[in-house]
Amino acid sequence: MRGKLLFLGGLAAGFVLGARAGREKYEELKATALKIKESPTVQEAAGVVQEQATRLYSESKTKVTDKLANSRFAETEMGQRLLHTSDNPAIERDLATSGAPTTPSTGTSY
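Residues numbered from 1 in each chain as written. Predicted model: local features only at pLDDT ≥ 70, side-chain atom pairs only at ≥ 80, totals over all residues. Heavy atoms only, no water.

Moving on to the overall build of the chain. Scanning the chain from terminus to terminus reveals four helices and zero strands. Moving toward the C terminus, one meets the helices and strands of the chain in the order α-α-α-α. Here the chain holds 110 residues, and 6% of them are scored as buried. Considering only contacts within the chain whose residues lie at least 6 apart along the sequence, 24% involve residues at least 24 apart. (Helix = DSSP H or I, 4+ residues; strand = E, 2+ residues; numbered from the N terminus. Buried < 20%, exposed > 50% of the residue type's maximum accessible area, 1.4 Å probe, protein only. Contact = heavy atoms within 4.5 Å.)

All right, on to the pattern of salt bridges then. Close approach of charged atoms allows side chains of opposite charge to pair. With the rule as written, the count across this model stands at one salt bridge. A salt bridge links Glu59 to Arg55; the nearest nitrogen and oxygen atoms lie 3.3 Å apart. With Glu59 and Arg55 both in helix H2 (residues 40–69) and four residues apart, this pair spans about one turn of that helix. With relative accessibility at 37%, the residue Glu59 sits in the partly exposed group. Classification of Arg55 as partly exposed rests on a relative accessible area of 42%. (Salt bridge = Lys/Arg side-chain N within 4 Å of Asp/Glu carboxyl O.)

Below, the discussion takes up the packing of helix H1 (residues 2–38) against H2. At a minimum axis separation of 5 Å, H1 and H2 run at an interaxial angle of 55°. Overall, the two elements H1 and H2 adopt an arrangement that is oblique. In this structure, H1 contributes Ile36, Lys37 and Glu38 to the contact, and H2 contributes Pro40, Val42 and Gln43. (Axes fitted to C-alpha atoms, helices over the stretch in contact; angles between N-to-C directions. Parallel < 35°, antiparallel > 145°, perpendicular 65-115°, else oblique.)

Rendered as structure tokens:
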């Protein structure tokens, strides 16, 4: 019984000491990640990727709309609704304001 108590005491002490060291290491990693995220190089790369994504979205939208407009799908009720929606649908509005499209139901970024 005494051996079990000593083992459990050592386990508890190790857990407490490990948790403290773990928290310090976590805070250190968090600070490093924040520095990397805020670095000008990473910000510039993120801007370039966002511009490319926006360009690809616009090009793809144009291609899909053109293909659909010239298909039998355009003659259906659903096709008419999709092809004749407002000039500023929600996803484009989200891209213009936040730079990232959001899901329609939750408003969260992809």
